[in-house]
Structures are given as structure tokens and as C-alpha cells.
Amino acid sequence: MHFFFFCNRFDGRYFLEKLRGKTIMFVGDSLSRNQWLSMLCMIHSSVPTTNYAVNISVIKDMTTYTFTDYGLKVTYHHNLYLVDIVKRRFGRVLNLNTVTAGKLWLDVDYLIFNTWHWWNRRGASQPFDYIQDGTRIYKDMDRLVAFGKAIATWGQWVDANVVQNKTKVFFQGISPSHYNGTDWGNPKAKSCYGQKIPVLTSVYPGAALPPVAVLKKSLKTIKKPVTLLDITNLSLLRKDGHPSVYGFGATDCSHWCLAGVPDTWNIMLYNLMF
């Protein structure tokens, strides 16, 4: 069974008026940044003459665009795992049970969280050396299990800190990549390079993404309202939507072109916000 919900078009002027004096914050990895940049571009293309100011905090790893005519702040907080990475004398520890960055998220009107893209990183690109769960420290563990524990910890932060009549909380969902053509029925394709059209069915032929089930299970344990944008299925169909060789460095089939797929995520967000 398929469910369809019909969205209003994004109206940047209405958006700015509706959110006078408010703060929107995207928290997460570079896919959160992808959605944040999309939001900024959508506002600017809708109302190109509106004034804005930019504030960059290197210490907090945050960038804020303030649309000064309306007092609306649209912020990106770069945070790979939502839970903490702590420096110890023996190395960097990913602590699955603490969220000290949460102090930066307090009193925000709309919070859009995301994490997953970095959970399977290993080797030189992995930004931690050990994983801590409770009092035990491991050299490594099942990354899906670790992800689920981190989401549960983040959920506890939501329950303990979010004021329901002040803040609305969203979770972006799991953004897919397209590196294996077998997943969409084209074994000759080794990546998204050269893909020019979407998958022309409503159901993606490849296997379900394991982190989606883990995320949904963990979200059910949170007592306060968290809205899942659930971007996975619609994004899976867009094998043609990545920068490919036209991004930075190696072939990029994880992030998304702008204008593009993240604009659809934001149209969903826009409709769910109001």
C-alpha cells in the first residue's frame, strides 16, 4: 500500500513572514549542510532582494544566516554523530551516552537533526579511536548497534530538554548513496557517474537500507514529538541527482546537487512545519 501526501509549493516570502523572529537549526553532518544550503537558496531565489547577515563561529562549528528584515535565523551546526567525541590520554573516544553539544540547541524554534553518513567510516577518515558504551570502552563494535544507541541517547536529550510549545523537532532520515548499479538494475554502472534519469518506478529495486529500521525503532522510544522527514525512498530513486565527478575530489554519489533532491526534502519540511 502506498500513501501520498500533497505539498504546497515553497513560498519564501510567506516562510519569512511566518517565521519572524524565529530560529531554525540544522544539526548533523554534510548532508544536513546540503539541506541547509538548499533552504538558503530557496529563500533567496524566492525573495532575492531581502537583506541578510552571516555569522561564522569556528569554536562552535556553526554558521548562521540572519534574514535581517524578518529577524529569522537559519543555522547549520556541524556535528557528525550527535553524541560526543572525547579526547582521552589514550585516544579519541566516541561516547554513545553523552550529548554535551545539546547546550547549543536549547531555545531553538525548529531543530532538524541528522546522522548516519559517518558511522561506517574506518581508517584515516574515522575521527575516533575507541567507542564507549556505559563504563566499557571498545576498540570497535557493530556500527548499526552503536548508531542505535547514539539515537537513543539523543532521544533522551530531546525528552529532557525540549519544551514542546516552544520547539518543534524533526529528523532528516537516512540519505542514500548510489555507488552500485546492481541496486537499481544496472550492474554495469559502478557509480552514479553518467546517470541522467531517475529510477522510473515508485519502488526502488535494491535492498532496504539497514539504518532506516534502526532509526525508526529508536525514534519510537522518544516520548516527546519528533517528526521523521523519511527522505530515504524518494531519494533512492534519484540516482541521477549527485555531483558525481563534478563535485570536489573523487566521484561523489552521496551528496546532492543544488538545485535538486534536498529542495524536495525542504518542501516536505515546509509543509510539516506549519
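All of the points below concern the structure found in this document. (Residues numbered from 1 in each chain as written. Predicted model: local features only at pLDDT ≥ 70, side-chain atom pairs only at ≥ 80, totals over all residues. Heavy atoms only, no water.)

## Observations concerning the overall build of the protein chain
Helix and strand content of the protein chain: six helices and eleven strands. Relative to the compact-globule value of 19 Å for 274 residues, the protein chain shows a C-alpha radius of gyration of 19 Å, a close match. Over its C-alpha atoms, taken along the principal directions, the protein chain stretches across nearly 50 × 50 × 40 Å. Taking all 274 residues of the protein chain together, the buried fraction comes to 48%. Taking the contacts inside the protein chain whose residues are at least 6 apart along the sequence as the reference set, 72% of them involve residues at least 24 apart. Placing the 31 positive and 18 negative side-chain charges of the protein chain at their respective mean positions leaves the two points 3 Å apart. (Helix = DSSP H or I, 4+ residues; strand = E, 2+ residues; numbered from the N terminus. Rg over C-alpha atoms; globule rule 2.2 N^0.38 Å. Buried < 20%, exposed > 50% of the residue type's maximum accessible area, 1.4 Å probe, protein only. Contact = heavy atoms within 4.5 Å. Lys, Arg positive; Asp, Glu negative; His and termini not counted. Charge placed at Lys NZ, Arg CZ, Asp CG, Glu CD.)

## A short note on the sheet that holds strand E1 (residues 23–28)
Taken in spatial order, the seven strands make up an open sheet running E2-E3-E4-E1-E7-E10-E11, and their pairing is mixed. Strand pairing shows two members of the sheet lacking a second neighbour, strand E2 (53–57) and strand E11 (226–228), which therefore form its edges. Within this sheet the neighbouring strands show an average axis-to-axis angle of 15 degrees, counted without direction. By the bridge criterion, three bridges tie strand E10 (residues 168–171) to E11 in an arrangement that is parallel. Note that in E11 the partner of Phe171 across the bridge is Leu228. (Pairing = 2+ DSSP bridges. Axes fitted to C-alpha atoms, helices over the stretch in contact; angles between N-to-C directions.)

## Let's talk about the state of the cysteines
In total, this model carries one disulfide according to the counting rule given. Between the sulfur atoms of Cys192 and its disulfide mate Cys253 the distance is 2.1 Å. As the torsion about the S-S bond is roughly -85 degrees, the Cys192-Cys253 disulfide counts as left-handed. Placement of Cys192 in the loop between E10 and helix H4 (210–219) and of Cys253 in the loop between helix H5 (232–236) and helix H6 (261–273) is noted, with a sequence separation of 61 residues between them. The class of Cys253 is buried, set by a relative accessible area of 0%. Lacking any disulfide linkage, Cys41 is separated from the closest cysteine sulfur, that of Cys257, by 12 Å. Just so you know, Cys257 is unpaired, no disulfide at all, and the nearest cysteine sulfur is the one on Cys192, 8.4 Å from it. (Disulfide = S-S within 2.5 Å.)

## Here we look at the sheet that holds strand E6 (residues 91–95)
Spatially, four strands are ordered E5-E6-E8-E9 in an open sheet, and the strand pairing comes out mixed. Strands with a single pairing partner mark the edges of an open sheet, and in this sheet they are strand E5 (84–88) and strand E9 (136–138). Shown here is a sheet whose adjacent strand axes are inclined to one another by a mean of 30 degrees, direction ignored.

## Digging into a nonpolar patch on the surface
Judged by side-chain polarity, Tyr52, Val54, Ile56 and Val58 come together as a nonpolar surface patch covering roughly 440 Å² of accessible area. In this fold, Tyr52 is placed in the loop between helix H2 (30–46) and E2. A relative accessible area of 45% places Tyr52 in the partly exposed class. (Patch = residues over 30% accessible without salt bridge, like charges linked within 9 Å, V, L, I, M, F, W, Y side chains within 5 Å. Areas by Shrake-Rupley, 256 points an atom, 1.4 Å probe, with all protein chains shown as cover. Salt bridge = Lys/Arg side-chain N within 4 Å of Asp/Glu carboxyl O.)

## Topic: the packing of aromatic side chains
Using the criterion set out here, one finds 21 aromatic pairs in the structure. Taking 5.7 Å as the distance between ring centres and 75 degrees as the angle between the ring planes, the aromatic pair formed by Tyr81 and Phe128 counts as edge-to-face. In this pair, Tyr81 sits in the loop between strand E4 (72–78) and E5 while Phe128 sits in the loop between strand E7 (110–113) and strand E8 (130–133), placing the two residues 47 residues apart along the sequence. Neither residue differs from the other here; Tyr81 and Phe128 are each classed as buried. Centre to centre, the rings of Trp105 and Trp157 are 5.0 Å apart; their planes meet at 80 degrees, and the pair counts as edge-to-face. On the criterion of sequence distance, the pair formed by Trp105 in the loop between E6 and E7 and Trp157 in helix H3 (residues 143–161) is long-range, its members being 52 residues apart. With a relative accessible area of 9%, Trp157 lands in the buried category. (Phe/Tyr/Trp six-rings, centres within 6.5 Å; stacked < 30°, edge-to-face > 60°.)

## Some points on the nonpolar core
Among the nonpolar cores identified, the biggest contains 36 residues, and Trp105, Phe113, Trp119 and Trp154 are the most heavily contacted of them. For this core, the secondary-structure elements that each account for two or more residues are E1, E7, H3, E10 and H4. Looking at this core, the element that brings in the most residues is H3, giving seven residues. Not counting residues within four places of it along the chain, the set of residues in contact with Phe113 comprises Val27, Leu82, Trp105, Trp154, Trp157, Val169, Phe170, Phe171 and Gln172. One finds Ile24, Met39, Val47 and Ile231 within the second-largest nonpolar core, a separate group that totals 29 residues. (Core = buried A, V, L, I, M, F, W, Y, C linked by side-chain atoms within 4.5 Å.)

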